[in-house]
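The primary structure of each chain is shown beneath.
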Amino acid sequence: MSFKTIDDIKDAAGKRVLVRVDLNVPMKDGKITDDTRIRAVAPTIRDLSAMGAKVILLAHFGRPNGEVVADMSLAPVAPAVAAVVGRPVAFASDCIGAAAADAIAKLANGDILLLENTRFHKAEEKNGADFAKALAENGDAYVNDAFSAAHRAHASTEGLAHLLPAFAGRSMQAELTALSAALGQPKRPVLAVVGGAKVSSKIDLLENLVGKVDLLVIGGGMANTFLAAKGVNVGKSLCEHDLAETARKIMAAAEKAGCEIVLPVDAVVAREFKAGAANETVGLNAIPADAMMLDVGAASIETVKTKIDGAATLVWNGPLGAFEIEPFDRATVAAAQHAAARTKDGKLLSVAGGGDTVAALNHAGAAGDFSYVSTAGGAFLEWLEGKDLPGVKALGA
């Protein structure tokens, strides 16, 4: 899709620019424990400020369900934004009405203001027309830099884009560019790695991917369901036996579309789900009835590496095994490090995100060398599923 960026805002100096950001950061005892999301939107805030715009930040925090909840106020977040951006950030006690208007009236060109939690108003999540208009009264232009909230048609993520000139922020721009390169107009062959616990949570994703990618590696607990559907006895492994027919339909659709599905050829099994549990690597025809598959074995790892070597584009979502506990993190770590090395060498475009993916890649020390790692969670997954994201669609030029 085509969309305008903040570089397309004409005569930004003096304009009131409403910027939807994701500041739903983790907090403990009133202090932010991870400022990743703040750092992600900092370039947009700095650039607009440098242009002389009056930068007015819109964000949600937690799930107050339309009520004013004291410990879900964005007030403690304003100093953290200021620390990251390197400029003072004022705060207004509401996102509409007199409190917002009075605070905005005091802004000089280049100043930054954070408005209170949009979800303190029930109409936010309902995308209420009157609420969207009340927000729009405070701005001359709208910038969406919150891809992570783009799968929700809320007033501040979708409604506003129809009331003011709309633009993508730097983080949104980077996300959409990366996603387009991965599945929109990718270099082929395209390889998708999909892992995680359950097929049931990723049926839409798998059904979409088999029609778009050339190879699909399935790992984690999901692989057990596919193996069982092919007649493999998976012992006490996590497995959704009731989805065997669904798995067979996905495999049939992949064959019809010319997509090669890659399943494990060996397994690391244990009788306890705990760190350091006694384990062994066995063939698929030798999985003990009282054991669980917690990772894939060396032969499967080599197969995945070979498939990565042959790919031009990689889309990754989910771990290959129980990466949270050693030694069942080996396959995920090995494959992630291999993909990172190929990317660093300029031989692979790699895009990852959703669920435990970021944690898995960080655990492997590989995230920094991937082409792009999305922290968007639900929005990234819905994009992988081929769904329209309201907040993105509204930005279409």
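An account of the accompanying structure is given in this report. (Residues numbered from 1 in each chain as written. Predicted model: local features only at pLDDT ≥ 70, side-chain atom pairs only at ≥ 80, totals over all residues. Heavy atoms only, no water.)

## Observations regarding the environment of Asn 24
What counts is decided by this rule: The helix count covers DSSP runs of H or I at least four residues long, the strand count covers runs of E at least two residues long, and both are numbered beginning at the N terminus. Under the scheme applied here, a residue whose accessible area is under 20% of the maximum for its type counts as buried, over 50% as exposed, and between as partly exposed, the area being computed with a 1.4 Å probe on protein chains only. Any two residues having at least one pair of non-hydrogen atoms within 4.5 Å are treated as being in contact.
Examined against the element boundaries, Asn 24 turns out to sit in the loop between β1 (16-20) and β2 (27-28). Residue Asn 24 is classed as partly exposed on the basis of its relative accessible area of 26%. The spatial distance from the C-alpha of Asn 24 to the C-alpha of Ala 105 is 26 Å, given a sequence separation of 81 residues. Residue contacts for Asn 24: discarding those within four places in its chain leaves Arg 37, His 60, Phe 61 and Gly 62.

## With respect to the sheet that holds strand β13 (residues 279-283)
The condition is simple: When DSSP finds at least two bridges between two strands, those strands are taken to pair. Every axis in this analysis is a line fitted to C-alpha atoms, fitted for helices over the stretch in contact. Angles between the N-to-C directions lie between 0 and 180 degrees.
On the basis of which strands lie adjacent, the open sheet formed by three strands has the order β13-β12-β14 and antiparallel pairing. Strand pairing shows two members of the sheet lacking a second neighbour, β13 and β14 (292-296), which therefore form its edges. Each strand axis lies, on average, 40 degrees off the axis of its neighbour in the sheet, ignoring direction. Where strand β12 (residues 266-270) lies against β13, five bridges are found, and the strand directions are antiparallel. Within the sheet, the bridge partner assigned to Asp 266 lies in β13 and is Gly 283.

## As for the nonpolar core
Under the convention used in this document: Side-chain atoms within 4.5 Å are what join buried Ala, Val, Leu, Ile, Met, Phe, Trp, Tyr and Cys residues into a set we call a nonpolar core.
Grouped together as the largest cluster of nonpolar side chains are 77 residues, with contacts concentrated most on Phe 147, Leu 206, Leu 209, Leu 216 and Phe 226. Looking at which element gives the most residues to this core, the answer is helix α6 (residues 170-184), with six residues. Once you skip the residues sitting within four places of it in the chain, Leu 216 turns out to touch Leu 191, Ala 192, Val 194, Leu 206, Leu 209, Val 210, Cys 259, Glu 260, Ile 261 and Val 262. By size, the runner-up hydrophobic cluster in this structure holds 31 residues, among which are Ala 12, Leu 48, Leu 74 and Val 85.

## Points about the packing of aromatic side chains
Under the convention used in this document: Each Phe, Tyr or Trp ring (for Trp, its six-membered ring) is paired with any other whose centre lies within 6.5 Å, and the angle between the two planes then decides the class: stacked below 30 degrees, edge-to-face above 60, tilted in between.
Scanning the model with the defined rule gives two aromatic pairs in all. Seen from their ring centres, Trp 316 and Phe 370 are 6.2 Å apart, and the 70 degrees between their planes marks the pair as edge-to-face. Placement of Trp 316 in strand β15 (residues 313-317) and of Phe 370 in the loop between α12 (357-363) and β17 (372-374) is noted, with a sequence separation of 54 residues between them. What makes Phe 370 buried here is its relative accessible area of 6%. Considering the side-chain rings of Phe 380 and Trp 383, the 5.7 Å spacing of their centres and the 45 degrees angle between planes classify their relative orientation as tilted. Pair noted here: Phe 380 and Trp 383 are both in helix α13 (residues 378-384), with a separation of three residues, about one helical turn. As far as burial versus exposure is concerned, Phe 380 and Trp 383 are alike and both buried.

## Concerning the pattern of salt bridges
Applied cut-off: Each reported salt bridge corresponds to a side-chain nitrogen of Lys or Arg within 4 Å of a carboxyl oxygen of Asp or Glu.
Tallied over the entire structure, the rule returns 20 salt bridges. Two residues, Arg 37 and Asp 22, come together in a salt bridge whose shortest N-O distance is 3.3 Å. Of this pair, Arg 37 sits in helix α1 (residues 36-50) while Asp 22 sits in the loop between β1 and β2, and the two are 15 residues apart along the sequence. A relative accessible area of 7% places Asp 22 in the buried class. Note that Lys 387 and Glu 385 form a salt bridge whose closest N and O atoms lie 3.0 Å from each other. When its relative accessible area of 38% is taken as the criterion, Lys 387 is described as partly exposed. A single salt-bridge network, built from bridges that share partners, covers Asp 7, Asp 47 and Arg 170.

## Notes on α1
This is how it is decided: One less than the residue count of a helix, multiplied by 1.5 Å, gives the span that helix is expected to have. Take the seven residues that end at a residue and the seven that start at it, fit an axis to each, and the angle between those axes is the bend at that residue.
With 15 residues, α1 extends 22 Å from end C-alpha to end C-alpha; this agrees with the ideal 21 Å at 1.5 Å per step. Of all bends in α1, the biggest is about 40 degrees, found at Ala 42, and the proline Pro 43 comes one to four residues later. The set of residues buried in α1 consists of Ile 38, Val 41, Ala 42, Thr 44, Ile 45, Leu 48 and Ser 49. Taken from the residues just after α1, Gly 52 is the one with a positive phi, measuring 90 degrees.

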